[in-house]
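# Structure at a glance
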Amino acid sequence: MELQPVLAAACLLFTMGMFCSGLSDLRWMITAKSVENIQLLPFLATDANNLGCLGYGCLKPDRTLIIVNSIGAALQSLYILVYFYYSTTKREVLLKVLMVLALLAVAYGYFTCYFTDEDTRRSHVGLFCSSFTIVMYASPLADLAKVIRSRSTRCLSFPLTVTTFLASSSWTLYGLWLEDPYIMVPNVPGIVTSVVRLWLFWRYAPGQDNPYRPLHA
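Report follows, based on the coordinates. (Residues numbered from 1 in each chain as written. Predicted model: local features only at pLDDT ≥ 70, side-chain atom pairs only at ≥ 80, totals over all residues. Heavy atoms only, no water.)

Moving on to unusual backbone geometry. Leaving glycine out, the prevailing phi sign among residues is negative, and the prevailing peptide bond configuration is trans. Residue proline 61 is reached from lysine 60 by a cis peptide bond, and omega for that bond is -20 degrees. Its location among the elements puts proline 61 in the loop between α3 (41–59) and α4 (63–86). Even without a glycine there, the phi angle at lysine 33 is positive, about 55 degrees. The phi dihedral of glutamate 179 falls on the positive side, at around 55 degrees, and the residue is not glycine. Locating glutamate 179 in the fold gives a position in the loop between α8 (158–178) and α9 (181–184). (Helix = DSSP H or I, 4+ residues; strand = E, 2+ residues; numbered from the N terminus.)

Turning next to the nonpolar core. Most often, soluble globular proteins keep nonpolar side chains buried together rather than apart. Residues Met29, Tyr83, Trp171 and Tyr174 are the most contacted members of the largest nonpolar core, which totals 43 residues. Among the elements that take part in this core, α4 stands out by supplying 8 residues, more than any other. Not counting residues up to four positions away in its chain, the partners in contact with tyrosine 83 are Met29, Val35, Ile38, Gln39, Leu40, Phe43 and Val93. The next biggest cluster of nonpolar side chains, apart from the first, holds 6 residues, and it includes Leu144, Leu156, Leu200 and Tyr204. (Core = buried A, V, L, I, M, F, W, Y, C linked by side-chain atoms within 4.5 Å. Buried < 20%, exposed > 50% of the residue type's maximum accessible area, 1.4 Å probe, protein only. Contact = heavy atoms within 4.5 Å.)

Interaxial distance between α3 and helix α6 (residues 118–138) falls to 9 Å at its minimum, and their mutual angle equals 160 degrees. In terms of orientation, α3 lies roughly antiparallel with respect to α6. Crossing geometry of α3 relative to α6 is assigned as left-handed. Of the residues in α6, those in contact with Ala45, Thr46, Ala48, Asn49, Gly52, Cys53, Tyr56 and Leu59 of α3 are Glu118, Arg121, Arg122, Val125, Gly126, Cys129, Phe132, Thr133, Val135 and Met136. (Axes fitted to C-alpha atoms, helices over the stretch in contact; angles between N-to-C directions. Parallel < 35°, antiparallel > 145°, perpendicular 65-115°, else oblique. Left-handed = near helix turned anticlockwise from the far one by under 90°.)

The next point concerns the packing of α4 against helix α5 (residues 90–114). The geometry of α4 relative to α5 is characterised by a closest axis approach of 8 Å and an angle of 155 degrees between their N-to-C directions. With respect to α5, the axis of α4 lies roughly antiparallel. Our pair here, α4 against α5, has a crossing hand that is left-handed. Contact residues: Ile80, Tyr83, Phe84 and Tyr85 in α4; Lys90, Val93, Leu94 and Val97 in α5. When the residues that make up the contact of α4 with α5 are grouped by side-chain class, the tally is 7 nonpolar, no polar and 1 charged. (Nonpolar A, V, L, I, M, F, W, Y, C, P; charged D, E, K, R; others polar.)

For asparagine 187, the position within the fold is in the loop between α9 and α10 (188–203). If near-sequence neighbours (up to four positions away) are discounted, asparagine 187 is found in contact with Thr133, Tyr137, Ser168, Trp171 and Thr172.

Among the structural elements, aspartate 62 can be located in the loop between α3 and α4. Of the side chains bearing the opposite charge, lysine 60 lies closest to the buried aspartate 62, which forms no salt bridge; the N-O distance is 5.7 Å. Among the polar contacts listed, one links the side chain of aspartate 62 to the backbone nitrogen of leucine 65, at a separation of 2.9 Å. In this view, aspartate 62 contacts Gly57, Tyr174 and Leu178; residues no more than four positions away in its chain are not counted. (Lys, Arg positive; Asp, Glu negative; His and termini not counted. Salt bridge = Lys/Arg side-chain N within 4 Å of Asp/Glu carboxyl O. Polar contact = N/O pair within 3.5 Å; in protein donor to acceptor, adjacent residues only side chain to side chain.)

Set out below in structure tokens:
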């Protein structure tokens with residue numbers, strides 16, 4: 001049995017689970033008409049990562065990368081739009097979104113105009129996307145410090161932690177199978193941070209009467 005289709009299916013399934021975990025945040029924002037306790041950074045980092053990896057998937061080309069990141073970019077953009085709608089600091093949110101879009105636009109122009117060789121361009125785009133993937137996985141680190149200080153995991157989401165572990169593990173194995181370091185290496189931090197968060201759930205088990213926990217943590 002060919003292993004690549006199995007790994008590709010695992011990447012698709014678990015990454016969609018990770019992306020869809022944000023639907024709980026979306027429902028809460030709409031119900032409460034507020035973005036209180038919801039962080040914008042994970043949405044932005046994930047959306048930038050999806051858009052960058054979509055470009056890398058088109059250059060490679062890799063159908064799994066294209067499908068996963070197309071859906072992911074659409075979902076994250078929806079989350080950001082709803083966050084913007086209910087935010088009381090719309091100017092600040094808009095500025096952050098425009099900064100990320102400007103960075104992606106500049107990067108696209110740079111890679112397109114400066115690197116004429118396709119292999120060289122693909123390598124540099126892959127390196128650029130790797131940095132966004134690492135930022136995406138590192139964005140909840142501030143909450144890990146909060147958990148240790150408060151000795152409580154109320155601000156963490158167990159389903160998101162599990163799906164992140166499964167998705168990052170799948171992509172690491174997929175990159176290893178394809179011998180692509182730009183897929184394999186940046187997903188290793190996702191495994192590490194997920195294991196740390198699982199340990200925190202074991203060490204500081206959440207109580208039964210916890211309030212709402214935003215999933216992007």
